[in-house]
Amino acid sequence: MNTISYRLIFGLCMALLFTNCEKLDLVPENTFTDETYWTSTQKAQTFLNTAYSQMMSSSHFFYNEGLSDNAYNGRGDNAGAASIASGTYDASLGRMQAEWDDRYGGIKTTNLILANIDRVPDMNETLKARMIAEARFLRAWQHFYLMTWFGDIPLLETDPSIEEAQTITRTPRAEVLQFVIAELTDIMNDLPLNSDYAEEEKGKISRGAVAAFLARIHLYEGNWSQAASYCEMLMNGSVGDYALFNSYSGLFLAQNQYSSEDILSLQYAPVNRRWGELFDMVPISVGGRVNALAPTQELVDSYLMLNGQAIGEAGSGFDEETPYDDRDPRLTATVVYHNYQWQDLDGTSTIYIEPGSDPGDDDTDEYAPGGSTSSTGYYMRKYFDQNHEVDMQISTNLMLIRYADVLLMYAEAKHEMGEFSETVWDDTIGLLRARAGFTDPAALNYPAALNEQQMREEIRNERRVELAMEGLRIFDIRRWETAEEVLNGYAHGAQFGPDDIDNGYLRVNLRTFDPSRHYLWPIPRDERLINPNLTQNPGW
């Protein structure tokens, strides 16, 4: 039974195989009944940890990039990335059902917490108020992403019965949005600042996380003034203590998680809870299995030269013979390219990707059509942990919102309000480029000569490269309504192909995006078979 994720009606906490926060490794329960479960604060916390873990899967975090022009899922159909990117999906695609089930599963968990937490005996009232606020945040989070993908969705403020779930209708998107914003606004002051949490409670939702999420919601909705206001709260320190971490490449290392930049993360715990997606994304010679998700040439081309110019600009210095020289350092921190100097515990090794380039007999990483290697001629580096366990199992937290995103949201909002200035540039993009490693004043200084549209493109491109391979690009091109521009035609790979086709850049995937229907996903087929009251989106 799938309706409103009632395949999860098994009693969610009974199946806890891990807890959400690294610092909160509570003992999972083996049995659950409504009458007996809510007997201690510890059990309530275990239930809440489950809700945290349901915020997103690591698979969706990474493979959402394959839905966009940043990456290509060339092996299998992981999280529906291949089908969605090529435009060949329909309401029966497993990703549609998984998104629906997973997020309504999270909503069910939070509604059960909110319905039962008052039954916990002798619970500290301050702690109870905070846990209620955390649950309401997580419920709002799930509703927001459901409406972002599907539009109108059932709004569930309480846990429905099976009978109710089989007849429920879709709530207008505007009402869901209103509910989400009202919930988050109401709970903000019930949550501590990030600096007020004890060491063992790091990773819990803070007041700053609420402000950052509200900024994202308003940005996605085009409410520029509100987005800017919430960003300012984070930038002036009134809702927490945040700053850019001092190293872009170091930001994604395990030893630097919970840094000053981390506002909200999907938490992992060594041994108990890990993720392994990089096993099918990194070069095979350094421990990868096969390649399933690879960065595209379009993403690589978006990284500027060190002088701040795009590679196609006159005087940029870009040379196709040495295409990765003098580029934005974030490229090297994110993407593995031909002749990449891979650093690991064993030292430094050269990654040979161009066919026939390996000076030895080992062509492990070389591009080969239809082989196990990268389908685009590029691999992943970001989030690689040198201390990974077998099969590239990693327990580093995955950042869902970080301070760099706040700066980029602020820059975009101020530009769309007509209030972008040299000061805003210096406080946002200038800071990001300096942290990335740019030193040329031409890249760091305010580009006063750009017109309005050129500045918009500059800000959007900065967002793309700063947040590349972090699962956010698909949401940006959908809200900008540029998906039909960037997701129609071929996605490309490195210049390893015939010279007479696209100047040698590999054609790796023909994309199709129909703006008349692809801006909303179809309501899953099985949901509508069970509940005919769930109407379908246009074009599906």
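The text that follows walks through the structure, step by step, so that each part is easy to find. (Residues numbered from 1 in each chain as written. Predicted model: local features only at pLDDT ≥ 70, side-chain atom pairs only at ≥ 80, totals over all residues. Heavy atoms only, no water.)

Focus: the overall build of the protein
- For the protein, the count of helices and strands is 19 helices and 10 strands.
- Over its C-alpha trace the protein gives a radius of gyration of 23 Å, about what one expects of a compact globule, namely 24 Å for 540 residues.
- With the principal axes as the frame, the protein shows a C-alpha extent of 70 × 50 × 50 Å.
- The buried share of the protein, taken over its 540 residues, is 58%.
- In the protein, 70% of the contacts between residues at least 6 apart in sequence involve partners at least 24 apart.
- Surface summary for the protein: the accessible area is close to 20,600 Å², and the carbon and sulfur share equals 46%.
- Counting 41 positive and 81 negative side-chain charges, the protein places the centres of these two groups 6 Å from one another. (Helix = DSSP H or I, 4+ residues; strand = E, 2+ residues; numbered from the N terminus. Rg over C-alpha atoms; globule rule 2.2 N^0.38 Å. Buried < 20%, exposed > 50% of the residue type's maximum accessible area, 1.4 Å probe, protein only. Contact = heavy atoms within 4.5 Å. Areas by Shrake-Rupley, 256 points an atom, 1.4 Å probe, with all protein chains shown as cover. Lys, Arg positive; Asp, Glu negative; His and termini not counted. Charge placed at Lys NZ, Arg CZ, Asp CG, Glu CD.)

Details of helix H12 (residues 403–416)
- Between its terminal C-alpha atoms H12 stretches 20 Å, which fits the 20 Å expected from 14 residues at 1.5 Å a residue.
- Summarising burial for H12: 13 of the 14 residues are buried, a large majority.
- Once H12 ends, the next one or two residues include glycine 418, with phi positive near 75°. (Expected span 1.5 Å × (residues − 1).)

Examining the packing of aromatic side chains
- Taken as a whole, this structure holds 35 aromatic pairs when the rule is applied.
- Ring geometry for tyrosine 248 against phenylalanine 252: centres 5.4 Å apart, planes inclined by 75°, an arrangement best described as edge-to-face. Across the pair, phenylalanine 252 and tyrosine 248 agree in class, each one buried.
- Through successive ring pairs, a cluster of aromatic residues spans Trp100, Tyr104, Phe137, Trp141, Phe144, Tyr145, Trp149, Phe150, Phe213, Tyr220, Phe475 and Trp521.
- Directly above the ring of tyrosine 37 sits lysine 43, whose terminal nitrogen or CZ lies 5.8 Å from the centroid.
- Its end group placed over the ring of tyrosine 268, arginine 273 keeps NZ or CZ at 4.4 Å from the ring centre. (Phe/Tyr/Trp six-rings, centres within 6.5 Å; stacked < 30°, edge-to-face > 60°. Lys NZ or Arg CZ within 6 Å of the ring centre and 35° of its normal.)

Let's talk about the pattern of salt bridges
- Overall, the coordinates contain 38 salt bridges when judged by the stated rule.
- Across the pair arginine 433 and glutamate 458 runs a salt bridge, and its minimum N-O distance is 2.9 Å. Residue arginine 433 is found in helix H14 (residues 429–436), and its partner glutamate 458 is found in helix H16 (residues 452–466); the two are separated by 25 residues along the sequence.
- Taking relative accessible area as the criterion, glutamate 458 reaches 18% and is therefore assigned buried. (Salt bridge = Lys/Arg side-chain N within 4 Å of Asp/Glu carboxyl O.)

Description of the side chain of arginine 511
- Mapped onto the elements of the fold, arginine 511 is located in strand S10 (residues 507–511).
- One buried charge, arginine 511, has no salt-bridge partner; the nearest side chain with opposite charge is aspartate 69, at 6.7 Å.
- Looking at arginine 511, its side chain comes within polar contact range of the main-chain oxygen of serine 68, at 2.9 Å.
- Here asparagine 509 takes part through its side chain, which lies 2.5 Å from a polar atom of the side chain of arginine 511. (Polar contact = N/O pair within 3.5 Å; in protein donor to acceptor, adjacent residues only side chain to side chain.)

Notes on the nonpolar core
- In terms of nonpolar packing, the biggest core is built from 152 residues, with Phe137, Leu184 and Leu278 touching the most fellow members.
- Per element, the largest residue contribution to this core is 13 residues, and it comes from helix H5 (residues 125–150).
- Setting aside residues up to four positions removed in sequence, phenylalanine 137 forms contacts with Met55, Leu184, Ile187, Ile205, Ala209, Val210, Phe213 and Leu264. (Core = buried A, V, L, I, M, F, W, Y, C linked by side-chain atoms within 4.5 Å.)

Observations concerning helix H8 (residues 207–220)
- Its 14 residues give H8 an end-to-end C-alpha distance of 20 Å, which sits within 8% of 20 Å, the value for a rise of 1.5 Å per residue.
- Summarising burial for H8: 13 of the 14 residues are buried, a large majority.
- Two residues or fewer after H8 comes glycine 222, characterised by a positive phi angle close to 75°.

Focus on the packing of helix H9 (residues 224–235) against H12
- Two elements in contact, H9 and H12, have axes whose closest approach is 9 Å; the angle formed by their N-to-C orientations is 140°. When the axes of H9 and H12 are compared, the pair comes out oblique. H9 and H12 meet at a crossing whose hand is left-handed. Two secondary-structure elements touch here, H9 through Trp224, Ala227, Ala228, Cys231, Glu232, Leu234 and Met235 and H12 through Tyr403, Val406, Leu407, Met409, Tyr410, Glu412, Ala413, Lys414 and Glu416.
- Looking at side-chain class alone, the contact of H9 with H12 contains 12 nonpolar, no polar and 4 charged residues. (Axes fitted to C-alpha atoms, helices over the stretch in contact; angles between N-to-C directions. Parallel < 35°, antiparallel > 145°, perpendicular 65-115°, else oblique. Left-handed = near helix turned anticlockwise from the far one by under 90°. Nonpolar A, V, L, I, M, F, W, Y, C, P; charged D, E, K, R; others polar.)

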